[in-house]
Amino acid sequence: MIRQAVLKTLARGAFALLLVTAAAYAESDPEDIIKYRQNVMKANGAHMAATGAILQGKVDYKKELADHAKALQAINRDIPALFPKGSDFGDTKALDAVWSKRADFEKRAKASQVKADAFAKAAGSGDMKLASAKFKELSDSCKACHKDYRKEEK
Amino acid sequence: MRIPRLIPAVCAVLATGFVAAAGAAEVAHDRGDYLFRAAGCGGCHTDEKNHGPALAGGPAIKTPRGTFYGPNITPEPALGLGRWREADFIRAMREGVSPEGAHYYPSFPYASYTRLTDDDLRALWAYLRRQPPVAQPNRPHDVPWYLRPRSLLGTWKALYFTPGAWQPRPDKDETWNRGAYLVEAVTHCGECHTPRDALGGPRRALHLAGTRDGPDDSVVPNITPDRKTGIGRWRKSEIVEYLATGMTPEGDFAGERMAEIIDRSTSRLTPDDREAIATYLLSLPPVEHATRKEKQKPVGGRDEFGF
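A quick note: this is a predicted structure, and the numbers were derived from the prediction, not measured.

**A word on the overall build of chain B**
Across its full length, chain B holds 13 helices and two strands. Residue burial in chain B is summarised as follows: out of 307 residues, 48% are buried. In chain B, 61% of the contacts between residues at least 6 apart in sequence involve partners at least 24 apart. Only carbon and sulfur atoms are counted for the fraction: they give 57% of the accessible area of chain B, which is about 16,500 Å².

Here it is in structure tokens:
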């Protein structure tokens, strides 16, 4: 009996906690989401630039290539999650199409995810030529998405 | 058995050479094709987003002085350029005048195309003649009533337009001259990157210094080598890389119209031509002209105290 009561209380507590967490999540300030998104994208860009410098032979950090690739793979795992509903208003360069053409947007993001995976694999293999080719494909997918879903400068 | 094996190998070698030269998967077949891509004609004459037929009419281009639609330039006789002669085309590009003698709006960048050489204009014309004709009527431009009389454009031309092919500067080297020709005539960068005055004329003192009133409400960056507001901190190799792949030195990627231009034009140029463009841009006088709005961060704002 006592055990059951304790369990019930625990379950209620857990449920309440879940609600509070959900409420807190739902109430994330859109501007905080936008800021977070921009920071993640900046990190993405920084790894892209660093990778580009290595692959073009501007710097000799070949050892680090696989690490940059892994970071890019992680960041590109779920780009649409960075663009939840309601995060379209404020200091953002995201175009309305991100939300109004969601299926296509998610398809493009998926393409980046696939390209980032392929690049990570190539970078891990040590084959620089293959890595360069896969990096080019990843770059193209970044550009393809920016072309239709990001406003140039604002 | 030996020959059939050899042929694909030879083809592969040739193809690799070509791809390396063009810097893109698709290869330009001749000078006209190359110029057509470099000038990005399809950007205004093909409605790619709506899967419109090639060169049969372009998407809306919204400017502060009206919305323009690139016309059908396929060789279709009634609705395209089928009845034009080479001389009509050269006159249109060089003088901004239709075969009937009407002035074109400068949204058609003849202010840049006038600088193309006769040879290049002829090559472009030959290329256009080879394209499939499409019977698609032109969409009229949507301009405010006070800009509708085309005779006004004669005045505009008198104020801002100097026809004539590009003259190479003998005091500069070949790379610089090629870059100048590409930027000022072929790829017509200044059409968007140079701000315009109230009458839509380019502001010469701010040549290529960017504008907040770009097409489709875009902000077009300053591409003069000013360190603070332009691309003065970019190295030449970074400009070349950007034109080839769209990646900035920060690892960011071009978006919207510039991404389109990179896909359509600059990524398909030869590496030498990209190098020439970068050389020319970095040789320009730096102009301090900010186009981006400075981020306003009020003192005591959220960022500072974290609430």
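Further notes follow.
**Looking at the nonpolar core**
Counting residues in hydrophobic clusters, the biggest one holds 53 residues, and the most contacted among them are Phe89(B), Leu116(B), Leu128(B), Val186(B) and Leu281(B). With seven residues, helix H8 (residues 174–186) of chain B is the largest single contributor of residues to this core. Residues from two domains meet in this core; each of domain 1 (25–165) and domain 2 (168–292) of chain B gives at least three. Apart from residues no more than four positions distant in its own chain, Phe89(B) is found in contact with Trp84(B), Leu121(B), Leu124(B), Trp125(B) and Leu128(B). Counting residues in hydrophobic clusters, the runner-up holds 17 residues, among them Met48(A), Ala123(A), Phe135(A) and Phe253(B).

**Some points on the UniProt feature "binding site: heme c" (unreviewed entry) in chain A**
As recorded in UniProt, the sites labelled "binding site: heme c" (unreviewed entry) are Cys142(A), Cys145(A) and His146(A). Checked against the element boundaries, Cys142(A) lands in helix H6 (residues 128–149). If sequence neighbours within four positions are ignored, Cys142(A) has contacts with Met48(A), Ser112(A) and Phe253(B). For His146(A), the location among the structural elements is in helix H6. The residues contacting His146(A), other than those within four sequence positions of it, are Asp252(B), Phe253(B), Ala254(B), Gly255(B) and Glu256(B).

Here is what the cut-offs are and how they apply
Within any chain, residue numbers begin from 1 and follow the written order of that chain's sequence. Note on labels: chains are lettered from A, ligands numbered from 1, in written order. It should be noted that, the model being predicted, local features are given only for residues of pLDDT at least 70 and side-chain atom pairs only at 80 or more, the latter also being counted only at that level, while totals for whole chains, interfaces and linings use all residues. Heavy atoms from the whole structure form the basis of all side-chain values; hydrogens and water molecules are not counted. A run of DSSP states H or I qualifies as a helix once it reaches four residues; a run of E qualifies as a strand once it reaches two. Both are numbered from the N-terminal end. Classification of residues uses two cut-offs on accessible area relative to the type maximum, computed with a 1.4 Å probe and protein chains only: under 20% is buried, over 50% is exposed, and between them is partly exposed. What makes two residues a contact is simply this: any of their non-hydrogen atoms within 4.5 Å. Note on areas: Shrake-Rupley, 1.4 Å probe, and residue coverage restricted to the protein chains presented here. As used in this record, nonpolar core signifies buried Ala, Val, Leu, Ile, Met, Phe, Trp, Tyr and Cys residues forming a set joined through side-chain atoms within 4.5 Å. Where each domain starts and ends follows an automatic or database-derived domain assignment. UniProt positions are given in the numbering used here, feature names are shortened, and annotations may be inferred rather than shown by experiment.

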